[in-house]
Amino acid sequence: MWKIAAEERKKFLLLLLLIAVAAGVFGYRLCSGGIADRALEAAALRFLEAGDAEDFELCRKLTGLDGERFAVFRANRSSLGALKSRTLVSRSPLRFNRRTGWLFFFDGKFENGTVREEIAVLTEPGREPDVYSVRYEYSRLPRPVSRTHYSGSGAAAIRAQVERCVQAYDSREWKYFEAIARRETGHERRGAGRGLENFRKRFGDPVARSLMQEVRYQETLPGCLHLGILRVTNRTSYKVKNITWVAEESVWLVLDRMDDQPRWEVYAFEPGKPQRLTPPPPKKKPVRKAKTT
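What you are looking at is a predicted structure, and each value in this text was computed from that prediction instead of being measured.

With 33 residues, the main nonpolar core has Phe47, Phe73, Phe104 and Ile119 as its most contacted residues. With 6 residues, the single largest contributor to this core is helix 1 (residues 2–52). Not counting residues within four places of it along the chain, the set of residues in contact with Ile119 comprises Ala44, Phe47, Leu48, Trp102, Leu103, Phe104, Phe106, Val131, Ser133 and Val134. Tyr169, Phe177, Ile180 and Tyr238 belong to the second-largest nonpolar core, a separate cluster that totals 28 residues.

Below you can see the structure in the form of structure tokens.
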């Protein structure tokens with residue numbers, strides 16, 4: 001009986017020892033991996049902070065970007081102005097041959113705009129971390145109110161895009177607006193036409209429209225100098241219960257000069273805020289009854 005108890009005690013102690021060893025190995029790997037991850041994040045922040053300080057010589061030492069891509073980064077960073085805040089929102093693991101690392105996503109608020117900073121950092125044994133790529137993206141394309149009138153080429157192609165957009169609106173083709181939302185936000189948004197559908201329920205079909213009354217232009221966007229924005233303004237009118245309403249509807253188009261065949265494409269539509277054109281009927285003055293004596 002005592003012999004059996006002693007053997008069970010040995011087995012129990014051996015099991016505890018194995019568990020302790022396994023926990024130690026796991027903890028070491030976890031800690032060492034965490035240290036490596038923090039080193040890569042620190043390298044990413046060091047690069048970005050050097051750009052904040054306009055120390056592009058230090059940025060150049062921290063990355064293997066070729067001359068053209070580095071020049072694009074430098075121009076984009078300069079266009080953003082001073083940094084207000086930066087927050088790490090997510091990261092994804094990377095592997096390139098023998099090199100491993102992380103793709104970090106920061107939300108950066110700057111003097112001239114808010115962008116998503118995407119920076120990839122790779123490393124391999126015996127070498128310092130290397131900034132493999134860096135770029136800026138808008139999580140949602142802005143709708144700037146530009147004062148510059150567009151006088152560039154491609155007016156016929158732009159008009160065709162605008163006509164296609166308003167045709168989808170007039171025919172209640174809400175799937176069209178879900179599709180163009182991919183250009184604005186980077187992903188298809190289900191129900192993107194719901195607000196337009198509610199607007200139509202209130203005001204009905206347009207009774208008249210004058211296309212392209214104004215075409216205003218923003219040549220570049222801070223942080224994304226390859227993007228251009230057009231805002232086309234149409235004038236529309238609606239009639240509800242013998243009351244005429246007028247509105248300035250907007251069609252927004254984006255041009256990506258980095259595409260193989262750059263062209264203007266619709267990414268947003270707004271029906272505008274209708275203003276009452278028909279004046280309300282004058283209020284009837286109450287008829288005062290004559291006093292009786």
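There's plenty left to go through after this.
Summarising the sheet, strand 5 (residues 148–149) and strand 6 (residues 208–218) pair through 2 bridges and their orientation is antiparallel. In the sheet register, His149 faces strand 6, and the bridge partner there is Arg216. Relative to strand 7 (residues 227–240), strand 6 runs antiparallel, the two being bridged by 8 bridges. In the strand pairing of strand 7, Arg209 is matched with Thr236.

Right, let's get into the packing of aromatic side chains. The relative placement of two aromatic rings is captured by the distance of their centres and the angle of their planes. One pass over the structure, following the stated rule, counts 17 aromatic pairs. Considering the side-chain rings of Phe56 and Phe73, the 6.2 Å spacing of their centres and the 75° angle between planes classify their relative orientation as edge-to-face. Here Phe73 lies in helix 3 (residues 67–80) and Phe56 lies in helix 2 (residues 56–62), a separation of 17 residues in the sequence. Aromatic pair Phe73 and Tyr136: ring centres 6.4 Å apart, planes at 20°, arrangement stacked. In this pair, Phe73 sits in helix 3 while Tyr136 sits in strand 4 (residues 130–137), placing the two residues 63 residues apart along the sequence. In terms of burial, Phe73 and Tyr136 fall into one category: buried. The structure contains a cluster of three or more aromatic residues connected by ring pairs, namely Phe47, Phe56, Phe70, Phe73 and Tyr136. The ring of Phe70 carries the charged tip of Arg60 above its face, separated from the ring centre by 4.4 Å.

Moving on to the confidence of the model for the chain. Per-chain confidence: the chain averages 87 in pLDDT, with 82% of residues scoring 70 or above. Here residues 25–33 scores under 50 on pLDDT; set against residues more than four positions off or in separate chains, the count is 0 contacts.

What follows deals with the packing of helix 4 (residues 155–170) against helix 5 (residues 174–185). Close contact between helix 4 and helix 5 brings their axes to 7 Å; oriented N to C, the two are set at 130°. As far as their axial angle goes, helix 5 and helix 4 are oblique. Contacts from Gln161, Arg164, Cys165, Ala168 and Tyr169 in helix 4 reach Trp174, Tyr176 and Phe177 in helix 5. A class-by-class count of the residues in the contact of helix 4 with helix 5 yields 6 nonpolar, 1 polar and 1 charged.

Let us now look at the pattern of salt bridges. Applying the stated rule across the entire model yields 24 salt bridges. Notably, a salt bridge pairs Glu137 with Arg135, separated by 3.2 Å at the nearest N-O pair. With relative accessibility at 31%, the residue Glu137 sits in the partly exposed group. Among the salt bridges present, the one from Arg183 reaches Glu265, with a minimum N-O distance of 3.4 Å. Here Arg183, found in helix 5, pairs with Glu265, found in strand 9 (residues 265–270); they are 82 residues apart in sequence, far enough to count as distant. Through salt bridges with shared partners, a single ionic network connects Asp52, Arg77, Arg86 and Glu117.

About the cut-offs
- Residues numbered from 1 in each chain as written.
- Predicted model: local features only at pLDDT ≥ 70, side-chain atom pairs only at ≥ 80, totals over all residues.
- Heavy atoms only, no water.
- Core = buried A, V, L, I, M, F, W, Y, C linked by side-chain atoms within 4.5 Å.
- Buried < 20%, exposed > 50% of the residue type's maximum accessible area, 1.4 Å probe, protein only.
- Helix = DSSP H or I, 4+ residues; strand = E, 2+ residues; numbered from the N terminus.
- Contact = heavy atoms within 4.5 Å.
- Pairing = 2+ DSSP bridges.
- Phe/Tyr/Trp six-rings, centres within 6.5 Å; stacked < 30°, edge-to-face > 60°.
- Lys NZ or Arg CZ within 6 Å of the ring centre and 35° of its normal.
- pLDDT = per-residue confidence, 0-100.
- Axes fitted to C-alpha atoms, helices over the stretch in contact; angles between N-to-C directions.
- Parallel < 35°, antiparallel > 145°, perpendicular 65-115°, else oblique.
- Nonpolar A, V, L, I, M, F, W, Y, C, P; charged D, E, K, R; others polar.
- Salt bridge = Lys/Arg side-chain N within 4 Å of Asp/Glu carboxyl O.

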